[in-house]
Amino acid sequence: MRTLYHPSLQEMSLPTVLYALSDPIRLDIVRRLAENGEQSCGALNLSGPKSTLSHHFKVLRESGVIQTRIEGTQRCISIRNKDLNALFPGLLDAVLHSLDNKNYAELKK
């Protein structure tokens, strides 16, 4: 199995992280991970084509927002909270807080 790319702290940038968080599906993935902690891809119960979901996971992972750990045939996904807070203090909390407001309902339309 191939090794998945995860950027180092030095490779992570604010524009890349903001781009990753700019899509409603990716925001939903981050929200679910924030609420429930590490999960396998299948446990997230996301709808949509597998190829589309794989693309969203890849964008989040390659931006540094999530970490993917391979365990057997499962891919376990978690948010890189420590790294994100070290580089961009409060960013993830602000994004998640905004999702608690009615803005999240608008994004899902």
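Bear in mind that the values here come from a model prediction, so they are computed numbers and not experimental data. (Residues numbered from 1 in each chain as written. Predicted model: local features only at pLDDT ≥ 70, side-chain atom pairs only at ≥ 80, totals over all residues. Heavy atoms only, no water.)

## Considering the state of the cysteines
All chains considered together, the criterion is met by zero disulfides. C41 takes part in no disulfide bond, and the closest cysteine sulfur, belonging to C76, lies 8.3 Å away. Judged by relative accessible area, which is 28%, C41 ranks as partly exposed. (Disulfide = S-S within 2.5 Å. Buried < 20%, exposed > 50% of the residue type's maximum accessible area, 1.4 Å probe, protein only.)

## Some words on the UniProt feature "domain: HTH arsR-type" (unreviewed entry) in the protein
Annotation from UniProt places "domain: HTH arsR-type" (unreviewed entry) at residues 6–99. Along residues 6–99, the helical share is 53% and the strand share 15%, with 26 Å between the first and last C-alpha atoms. (UniProt positions renumbered as here; feature names shortened; annotations may be inferred. Helix = DSSP H or I, 4+ residues; strand = E, 2+ residues; numbered from the N terminus.)

## Some remarks on helix 3 (residues 50–63)
For helix 3, which comprises 14 residues, the first-to-last C-alpha distance of 20 Å matches the rise-based estimate of 20 Å (1.5 Å per residue) to within 8%. Within helix 3, burial applies to L53, H56, F57, V59, L60, R61 and S63. On its buried side, helix 3 packs onto helix 1 (14–20), helix 2 (24–36), strand 2 (66–71) and strand 3 (74–79). Taken from the residues just after helix 3, G64 is the one with a positive phi, measuring 100 degrees. (Expected span 1.5 Å × (residues − 1). Contact = heavy atoms within 4.5 Å.)

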